[in-house]
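Structure assessment
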Amino acid sequence: MIRGIKGIKDIIPDEMPKWSVVERMAHALAHAFGFHEIRIPVFERTDLFVHSIGGSTDIVEKEMYTFPDKDGTSLTLRPEGTAGVVRAFIERGLKTYEASRKLYYIGPMFRHERPQAGRLRQFHQFGVEYVGTSDPSADVEVVTLLWRYFSALQLPGLSLELNSLGVLADRQAYKKDLVSFLKTKSDLLCGNCRRRLDVNPLRALDCKVPTCHEATNDAPFLTDFLSASSKEHFDRVLQGLQALAISYSLNPRLVRGLDYYSMTTFEVSCSALGAQNAIGGGGRYDGLFETLGGVPTPAVGFAIGLERVILALPESALPAPDPWVFVAAFGEKGRAAGNTLIDSLRSNHMKADTDYHASTLKTLLRSADRLNAPYVVIIGDDEVANNHVILRNMATKEQQIHPLDTASSAISERLGFRKHVET
RNA sequence: GUGGGUGUAGCUCAGUUGGUUAGAGCGCCGGAUUGUGGAUCCGGAGGUCGCGGGUUCAAUUCCCGUCACUCACCCCA
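Residues numbered from 1 in each chain as written. Chains lettered and ligands numbered in written order. Predicted model: local features only at pLDDT ≥ 70, side-chain atom pairs only at ≥ 80, totals over all residues. Heavy atoms only, no water.

Some points on the protein's contact with RNA strand B
In the region of RNA strand B, 47 residues are neighbours, and R111, R203, G257, A278 and D382 sit closest. Among atoms of RNA strand B positioned within 4 Å of the protein, sugar and phosphate together represent 48%. At a separation of 3.2 Å, a phosphate oxygen of RNA strand B approaches a polar side-chain atom of Q116. Contacts to RNA strand B include R366, whose side-chain N or O atom sits 3.4 Å from a phosphate oxygen. (Near = heavy atom within 4 Å. Polar contact = N/O pair within 3.5 Å; in protein donor to acceptor, adjacent residues only side chain to side chain.)

Remarks on the environment of P201
Within the element layout of this structure, P201 appears in the loop between helix 7 (191-195) and helix 8 (210-215). Owing to a relative accessible area of 1%, P201 belongs among the buried residues under this scheme. For the pair P201 and I378, spaced 177 residues apart in the sequence, the C-alpha separation amounts to 72 Å. P201 has contacts with K175, L178, V179, L182 and R196, leaving out every residue within four places of it along the chain. (Helix = DSSP H or I, 4+ residues; strand = E, 2+ residues; numbered from the N terminus. Buried < 20%, exposed > 50% of the residue type's maximum accessible area, 1.4 Å probe, protein only. Contact = heavy atoms within 4.5 Å.)

Structural notes on the pairing of strand 9 (residues 262-270)
Counting buried positions along strand 9 gives eight out of nine residues, so the element sits mostly inside the fold. With seven bridges joining them, strand 7 (residues 158-164) and strand 9 adopt antiparallel strand pairing. Note on strand 9: the bridge partner recorded for S164 is T264. Sheet topology note: the strand 9/strand 10 (residues 278-284) ladder contains six bridges and is antiparallel. The partner of F266 across the bridge, within strand 10, is G282. (Pairing = 2+ DSSP bridges.)

Some thoughts on the sheet that holds strand 13 (residues 352-353)
Reading across from one edge, 13-12-14-15-16 is the order of the five strands in this open sheet, with mixed pairing throughout. With one partner strand each, in any of the chains shown, strand 13 and strand 16 (399-403) form the two edges of the open sheet. Across two bridges, strand 12 (residues 325-329) lies against strand 13 in parallel orientation. Across the sheet, F326 pairs through a bridge with D353, a residue of strand 13.

Structural notes on the pattern of salt bridges
Using the criterion set out here, one finds eleven salt bridges in the structure. Linking R119 and E113 is a salt bridge whose minimum nitrogen-to-oxygen distance equals 3.4 Å. By relative accessible area, E113 is classed as buried at 18%. Ionic pairing is found between R284 and D139, a salt bridge with its closest N-O pair at 2.6 Å. Taken as a pair, R284 in strand 10 and D139 in helix 5 (residues 136-152) lie far apart in primary sequence, 145 residues in all. The class for D139 is buried, based on a relative accessible area of 0%. (Salt bridge = Lys/Arg side-chain N within 4 Å of Asp/Glu carboxyl O.)

Concerning empty space enclosed by the protein
Counted under the stated rule, the structure contains three cavities of 30 Å³ or more. Space inside the largest cavity adds up to approximately 60 Å³. Along its surface, the largest cavity is lined by A329, R335, G338, N339, I342, T354, D355, Y356, A358 and L364. Top element by residues in the lining of the largest cavity is helix 12 (residues 332-347). It accounts for four residues. Taken together, the residues of the lining of the largest cavity break down into five nonpolar, three polar and two charged. (1 Å grid on protein atoms, 1.4 Å probe; cavity = no way out; pocket = protein on both sides within 12 Å on 5 of 7 lines; lining within 4 Å. Points joined across faces, edges and corners; volume = space filled by probe spheres on them. Nonpolar A, V, L, I, M, F, W, Y, C, P; charged D, E, K, R; others polar.)

Remarks on a nonpolar patch on the surface
Together, V42, F43 and F67 give the surface a local cluster of nonpolar side chains, amounting to about 230 Å² of exposed area. Of the residues examined, V42 reaches a relative accessible area of 32% and is grouped as partly exposed. (Patch = residues over 30% accessible without salt bridge, like charges linked within 9 Å, V, L, I, M, F, W, Y side chains within 5 Å. Areas by Shrake-Rupley, 256 points an atom, 1.4 Å probe, with all protein chains shown as cover.)

What to know about the side chain of T264
In this fold, T264 is placed in strand 9. Relative accessible area serves as the criterion here: at 0%, T264 is assigned to the buried category. Leave out the neighbours within four places in its chain, and T264 touches D139, L162, N163, S164, H233, V237, G282, G283 and R284.

Here's the deal with helix 1 (residues 16-32)
It helps to recall that an α-helix has 3.6 residues per turn; residues three or four apart then point in one direction. The end-to-end C-alpha distance of helix 1, which contains 17 residues, comes to 24 Å, matching closely the 24 Å that a straight helix rising 1.5 Å per residue would cover. Listed as buried for helix 1 are W19, V21, V22, A26, L29 and A30. Take helix 1 and look down its axis: the buried residues cluster within an arc of 165 degrees, on one side only. Of the exposed residues in helix 1, the ones pointing more than 90 degrees away from its buried face are R24 and A32. Summarising the contacts, the buried residues of helix 1 are in contact with strand 5 (102-110), strand 6 (122-131), helix 5 and helix 11 (306-312). With its phi angle positive at about 85 degrees, G34 sits one or two positions after the end of helix 1. (Expected span 1.5 Å × (residues − 1). Arc of directions from axis to C-beta.)

Here it is, written out as structure tokens:
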């Protein structure tokens with residue numbers, strides 16, 4: 001037997017109702033906020049990710065699925081979506097299209113990590129990118145969409161944290177100060193943090209090793225190093241969120257794992273999730289376009305892990321299943337009439353199905369019961385002889401007779417009408 | 001990459017201090033007066049006990065290895 005790949009899951013039909021809800025809500029809210037869908041390739045040149053995400057990040061250092069093309073070009077399965085969107089934006093000249101200011105995507109991402117609860121090697125993200133404005137209102141809008149999306153799906157135990165990384169000059173001044181501080185505490189730091197003291201000292205701030213946490217207790221805050229304009233930008237973002245009654249907390253330790261972030265960063269965690277509790281996050285990346293060879297263009301976006309959303313999704317977020325009829329047709333004439341009726345119901349956009357394995361009324365009803373059919377149409381030789389069918393409500397056991405020639409439209413109308421009333 | 005846990009029926013799991021035909025619940029199939037489902041009762045199908053090797057008269061059970069799944073570290077969504 002040939003097995004699937006570790007950390008790469010099939011999404012089986014049983015799980016699809018949740019996926020449908022989660023994806024439909026993403027499309028619906030993204031559209032409501034004026035974002036337009038973009039579909040970008042699942043693999044790109046490796047350089048794209050190295051230059052955007054950053055060579056010293058974990059993603060690039062050890063988590064990418066990289067392989068040579070036939071001509072030797074190094075290609076990589078996308079570990080995230082922003083790099084590809086920005087590449088497409090620059091390469092295709094999307095700047096000239098009004099719709100391209102606000103983009104969103106849904107699709108699979110790939111990272112070679114050890115799988116665990118809420119972490120897979122192929123996982124799916126819903127992300128948005130608001131391109132071309134540095135107005136703090138854009139930051140607010142993106143965070144608002146993120147928050148409204150989770151609220152609409154009724155996810156429990158959410159908390160939103162924000163931080164500002166400032167502009168590059170702010171961070172450089174801060175890094176200098178932080179490194180000299182950390183060096184005084186280096187005996188407390190874990191090996192990992194000590195190693196990246198020079199390349200990525202900010203990471204020590206959100207290291208979970210207790211001694212590191214202790215060591216960084218009195219560390220200087222990046223917030224204190226923000227320039228006046230950075231600070232003003234961040235304040236306006238926070239005011240915007242307050243005005244919309246979106247509650248958040250400030251986390252000066254919030255450091256994101258991708259190098260391209262600047263200014264506003266944010267993350268939503270979900271207490272219903274377990275160890276991998278980051279369900280969505282993002283921030284501003286004003287320098288990325290330039291890094292990738294485009295004209296300097298400010299932008300802000302987020303990415304949401306859909307598997308994690310599904311793990312936290314309550315049953316109440318699922319819509320009631322559509323009404324449908326199971327056609328219980330038996331006997332020679334009954335089955336023939338049943339097949340015609342099924343086709344006619346389907347032509348009326350009424351979901352109709354049967355079970356050819358069952359041949360008696362008893363087994364047909366049992367099958368209908370197992371399939372959770374709310375209604376069953378009974379049609380045997382007797383019904384055909386009498387020119388009618390029986391419509392049975394499985395929950396109430398109530399049965400009514402419909403003339404055979406108008407049964408399809410009568411049933412479609414009746415159950416279709418119910419559908420509109422219920423939803 | 002590192003650590004822990006677990007691999008026995010379709011699913012959830014017992015069990016064998018090494019010993020003949022390996023169990024339960026759920027599910028599935030059939031039946032319990034002929035054309036009315038779920039409940040109950042009766043019957044039935046279904047397992048190389050993850051894989052490989054070792055010890056032994058004998059291994060599903062003990063030992064070693066290996067693979068898979070899983071949780072956690074790390075990191076992120």
